[in-house]
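Understanding the architecture of this molecule
Listed here are the chains, written in short residue letters.
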Amino acid sequence: MGVYFDELDNLQIDVLREIGNIGSGNAATALAKMLNKKVNMDVPQVKVLQFQEVSDILGGAEIPVVGLLLSVTGDISGSIMFIIENEAAGILVNILMGRPLDEAITFDEIEVSALKEIGNILAGSYLSALSTLTNLNILPSVPELAIDMAGAIISVPAIEFGKLGDSVLFIETEFSEGSTKVVGNFFLVPDIDSYEVLLKALGVAD
Amino acid sequence: MGDIIKVGMADLKASYHPAILTTLGLGSCVGIALFDRSTKIVGLAHAMLPDSSQIKNRTNAAKFVDTAVENLIDEMLKLGAIRNKIVAKLAGGAQMFTFTQGTELMRIGYRNVTAAKAKLESLNIPIISEDTGGNYGRTIELDSSNGMLLVKTIGYGIKQI
């Protein structure tokens, strides 16, 4: 039966950290290509938090954030979500559209589709790294976007984690371009059965 | 105005008057606010999943609508609340993302609200108002002085129910 995050051992956490590292490294490369700029990335932090602490992830449950959600099919099923603060989303859009970094964004149609494209590329390259690493076939859907309070957006992956245990696992990644820093959080949420498939493919589950 | 008491995700709290119970950024989770009109004892739960019987790991009662309601009432009765004076208000249960295919993941908000209504009804606790559904997050504050539930959103205004 399913794997509980609360019971993950250090080796498994290390493996997940490595997935996060490779996944978001790939995502940073993809981002650099898209922006045609050098994008650096800090070592991603794998975090396991209790639900009560989850709302502090992005500086408070009421902070407005952009959430990009893709469903995942293939050898595993589930979803992947990328969350960034509105301000950081604005910076990414402005870089992509060649505008001054501090220009206010209104989330109009063009900006929303630019963000979806960013989500597509980040999540797509993240998943392709995971696919290569595990030899599993992993296919993302087109992204759905929502802009709202951090707590409300995070409730979507949190509820899925809630079926497994009492904590949420996510990967915090900091991208920087020049002196501009953007922090993003990846939530990879495999379905209960897929979690085991994933750990088995990585050789860290019985 | 009493103390402001925060209720986290998969959490519940009860309090004597005066107090403000609040939970921030409710999305697909459901906020269940209970108020005893006679003693002004209040309780608030932030539940994530509709039904504890469908999940193996159920150590945290506040995570599930059914067990959260039971535990919250127990907590209030311990403080001296009178069972048949308790009324309920509901908020949350939004669908944050609009996927074209109506997967189970996407309907969880609706299912949480439905489960809360069924549970409260089975316990004969009247639901006097609700602000549920939609596709946006909510912060709620329950005021023990009058049982008023304040609902705050980004872009959908503030209201009292």
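Parameters at a glance
- Residues numbered from 1 in each chain as written.
- Chains lettered and ligands numbered in written order.
- Predicted model: local features only at pLDDT ≥ 70, side-chain atom pairs only at ≥ 80, totals over all residues.
- Heavy atoms only, no water.
- UniProt positions renumbered as here; feature names shortened; annotations may be inferred.
- Helix = DSSP H or I, 4+ residues; strand = E, 2+ residues; numbered from the N terminus.
- Polar contact = N/O pair within 3.5 Å; in protein donor to acceptor, adjacent residues only side chain to side chain.
- Contact = heavy atoms within 4.5 Å.
- Buried area = accessible area lost by both parts, 1.4 Å probe.
- Salt bridge = Lys/Arg side-chain N within 4 Å of Asp/Glu carboxyl O.
- Nonpolar A, V, L, I, M, F, W, Y, C, P; charged D, E, K, R; others polar.
- Expected span 1.5 Å × (residues − 1).
- Buried < 20%, exposed > 50% of the residue type's maximum accessible area, 1.4 Å probe, protein only.

Under an unreviewed UniProt entry, chain B has the name Probable chemoreceptor glutamine deamidase CheD and belongs to Acetivibrio mesophilus. Taken directly from UniProt, the Sequence similarities (unreviewed entry) text for chain B runs: "Belongs to the CheD family." Note on chain B: under the UniProt heading Function (unreviewed entry), the record states "Probably deamidates glutamine residues to glutamate on methyl-accepting chemotaxis receptors (MCPs), playing an important role in chemotaxis."

As recorded in an unreviewed UniProt entry, chain A goes by Chemotaxis protein CheC and comes from Acetivibrio mesophilus.

Moving on, we come to the side chain of Ser28(B). Locating Ser28(B) in the fold gives a position in the loop between strand E3 (19–26) and strand E4 (30–36). Among the polar contacts made by the side chain of Ser28(B), one reaches the main-chain carbonyl oxygen of Ala94(B) at a distance of 2.8 Å. What Ser28(B) contacts, discounting residues up to four positions off in sequence, is Ser155(A), Val156(A), Ile159(A), Gly93(B), Ala94(B), Met96(B), Ile108(B), Gly109(B) and Asn112(B).

Turning to the interface of chain A and chain B, a few remarks are in order. Taken together, the contacts link 34 residues of chain A with 35 residues of chain B. Together, the buried faces of chain A and chain B total about 2,700 Å²; carbon and sulfur atoms form 67% of this surface. Considering only the surface of chain A that becomes buried against chain B, Met149(A), Ile159(A) and Lys163(A) emerge as the three largest contributors, covering 21% of it. Linking chain A with chain B are zero salt bridges, by the criterion used here. Along the contact surface separating chain A from chain B lie five residue pairs in polar contact (both at pLDDT 80 or more). Broken down by secondary-structure element, the contributors of at least two residues to the side of chain A that touches chain B are helix H2 (51–54), strand E3 (64–74), strand E4 (78–85), strand E6 (144–149) and helix H5 (150–162) of chain A. In terms of residue count, the dominant contributor to the side of chain A that touches chain B is H5(A) (nine residues). Across the side of chain A that touches chain B, the residue classes tally to 18 nonpolar, nine polar and seven charged.

Residues and elements named next belong to chain B. For helix H1 (residues 65–78), which comprises 14 residues, the first-to-last C-alpha distance of 20 Å matches the rise-based estimate of 20 Å (1.5 Å per residue) to within 8%. What H1 keeps buried is the set Val-65, Asp-66, Thr-67, Ala-68, Val-69, Leu-72, Ile-73 and Met-76. Tucked inside the fold, the buried residues of H1 contact strand E2 (11–15), E4, strand E5 (42–47), strand E6 (86–92) and helix H2 (108–122). Count one or two residues on from H1 and you reach Gly-80, which has phi positive near 110°.

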